[in-house]
Amino acid sequence: MPSPPKKGRVLSGMRPTGKLHLGNYVGALRNWVGLQDQYDCFFFIADWHALTTDYADTRSVKQNSLEVMIDYLAAGLDPERSTLFIQSHVLQHAELHLLFSMITPLGWLERVPSYKEQRENLKDKDLGTYGFLGYPLLQSADILIYQADFVPVGEDQVPHVELTREVARRFNQFYPRKLHAGDRDPQRGMVFPEPKPLLTPSPKLPGTDGRKMSKSYGNTILLSEPEASLRQKLKTMVTDPARIRRTDPGNPDVCPVGDLHKIFSSAETMAKVNEGCRTAGIGCIECKQWASDSLWRVLGPMQERRQKYEANPKLAWDILEEGSTKARAVAEATMAEAREAANLSHEYEAPGQNVAESKS
Ligand code: TRP
Ligand code: SF4
């Protein structure tokens, strides 16, 4: 059966932070998995981006990238439908980043909100580097090298997509696309379309201590969390502080376990939780068992899918290489247009030819 036409191209990526957790799933991956049938999807591992903050010790980058890839596959990103690749194996990202660096005013980068914030938050690292300032510009290159239409991201990344749009506009203004006889797309006067953020609806996902789930808080539940350890973590998870004794009624709306139910449990279970908690009809222990059941319904199938990659990680690496080869072809086609627009084409041109062409 021929597949229906796609609604455009999607690109997104993550830095390789090591094993992914439920927060990464709910905040991004789950959404990406759902986009695969409707869009021409490119998902990648931003390993160069990891070096913008962790340049001083790069020993774990490769292992972390592999772990993220296995999590991608386990979560349901499908190499048959999406192009899955690793940034540093597609050199064109670096070339485009360099070209963009020529036209990007420093002020545009200095006023990206994450720049100041991160420099203040990560005080133990010297982020006064060229690469760190250029972080969002590298991201712009990631997006534009695939001429992506949509970038599924969380709220925090929207300023980066905005910058990407500005960079695209500036490039297009300076360097209009060169037209050729027999051009497949003669209407398109620009090299770069302006991508739009595709906001990921992300419900608040608390970690085991009730704060936002985050690797830096050490309160995560991994996608690879074994069932016994998942159940153990839930057992000690924070609950509604007003519910001290079993006979005290509670409120799932102020309970982190209640939040988990809202995201992962069926309407039926949710109703039992609401009723039971508010009337002290159930205990937190029972409620947490139900939450564990709901989580395991999501994690169980993922862990089944990851087994073959855990047993043979090279399988996952090979998929990443194959995807990177596909990505490279697309990236090179864009780069050829970008080089030509900026008069850096690799083709020989007879003297004067270039000028004549731009007049026509
Ligand atoms: N900056 C993104 C993050 O921290 C990761 C990223 C790098 C990205 N390049 C990208 C996301 C391109 C979307 C598109 O989550
Ligand atoms: Fe939270 Fe459930 Fe206990 Fe209510 S019964 S306080 S929702 S853990």
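Computed from a prediction, not measured in an experiment: that's the story for all the values here.

Each value, and the rule that gives it
- Residues numbered from 1 in each chain as written.
- Chains lettered and ligands numbered in written order.
- Predicted model: local features only at pLDDT ≥ 70, side-chain atom pairs only at ≥ 80, totals over all residues.
- Heavy atoms only, no water.
- Helix = DSSP H or I, 4+ residues; strand = E, 2+ residues; numbered from the N terminus.
- Buried < 20%, exposed > 50% of the residue type's maximum accessible area, 1.4 Å probe, protein only.
- Polar contact = N/O pair within 3.5 Å; in protein donor to acceptor, adjacent residues only side chain to side chain.
- Contact = heavy atoms within 4.5 Å.
- Near = heavy atom within 4 Å.
- Areas by Shrake-Rupley, 256 points an atom, 1.4 Å probe, with all protein chains shown as cover.
- Domains from an automatic or database assignment.
- Buried area = accessible area lost by both parts, 1.4 Å probe.
- Salt bridge = Lys/Arg side-chain N within 4 Å of Asp/Glu carboxyl O.
- Nonpolar A, V, L, I, M, F, W, Y, C, P; charged D, E, K, R; others polar.
- Axes fitted to C-alpha atoms, helices over the stretch in contact; angles between N-to-C directions.
- Parallel < 35°, antiparallel > 145°, perpendicular 65-115°, else oblique.
- Left-handed = near helix turned anticlockwise from the far one by under 90°.

*Asks:* Could you clarify how one ought to interpret the side chain of glutamine 87 in this entry?
*Replies:* Here glutamine 87 shows up in the loop between β3 (82-86) and α4 (92-103). A relative accessible area of 0% places glutamine 87 in the buried class. Within the structure, glutamine 87 has its side chain in polar contact with the side chain of aspartate 142 (distance 2.9 Å). Beyond its immediate chain neighbours, meaning those up to four positions away, glutamine 87 contacts Phe44, Ile45, Ala46, Asp47, Trp48, His49, His93, Leu138 and Asp142.

*Asks:* When you look at the site of ligand 1 in this model, what are you seeing that I'm missing?
*Replies:* As a matter of local geometry, ligand 1 sits amid 14 residues, with Phe44, Tyr135, Gln139, Asp142 and Gln157 nearest to it. Measuring from an oxygen atom of ligand 1, one finds a side-chain N or O atom of arginine 15 at 3.4 Å. Within the side chain of glutamine 139, an N or O atom sits 3.0 Å from a nitrogen atom of ligand 1. Here ligand 1, which alone exposes 360 Å², has 91% of that area covered by the protein.

*Asks:* It is not clear to me how the domain arrangement of the protein chain should be interpreted in this structure. Could you clarify?
*Replies:* Partitioning the protein chain into domains gives domain 1 (9-204 + 313-359) and domain 2 (225-310). A buried area of about 1300 Å², summed over both sides, lies between domain 1 and domain 2, and 69% of it is on carbon and sulfur atoms. Between the two partners, domain 1 and domain 2, sit 2 salt bridges. Between aspartate 259 and lysine 204 there is a salt bridge; the shortest N-O distance is 3.6 Å. Across the contact surface, domain 1 and domain 2 share 2 residue pairs in polar contact (both at pLDDT 80 or more). Among the secondary structure elements, those contributing two or more residues to the side of domain 1 that touches domain 2 are α1 (22-35), α3 (61-75) and α14 (313-341). The element that contributes the greatest number of residues to the side of domain 1 that touches domain 2 is α3, accounting for 5 residues. Grouping the amino acids of the side of domain 1 that touches domain 2 by side-chain chemistry returns 12 nonpolar, 1 polar and 3 charged.

*Asks:* I would appreciate a short explanation of the packing of α4 against α14 in the present structure.
*Replies:* A packed helix pair is summarised by two numbers, namely the angle formed by the two axes and the spacing between the axes. For the pair α4 and α14, interaxial distance at closest approach is 9 Å and the crossing angle is 25°. As judged from the angle between their axes, α4 and α14 are roughly parallel. You can see that α4 and α14 cross each other, and the crossing is left-handed. For the pair α4 and α14, contact is made by Gln92, Glu95, Leu96 and Leu99 and by Arg328, Ala331, Glu332, Met335, Ala338 and Arg339, respectively. A breakdown of the residues in the contact of α4 with α14 according to their chemical character gives 5 nonpolar, 1 polar and 4 charged.

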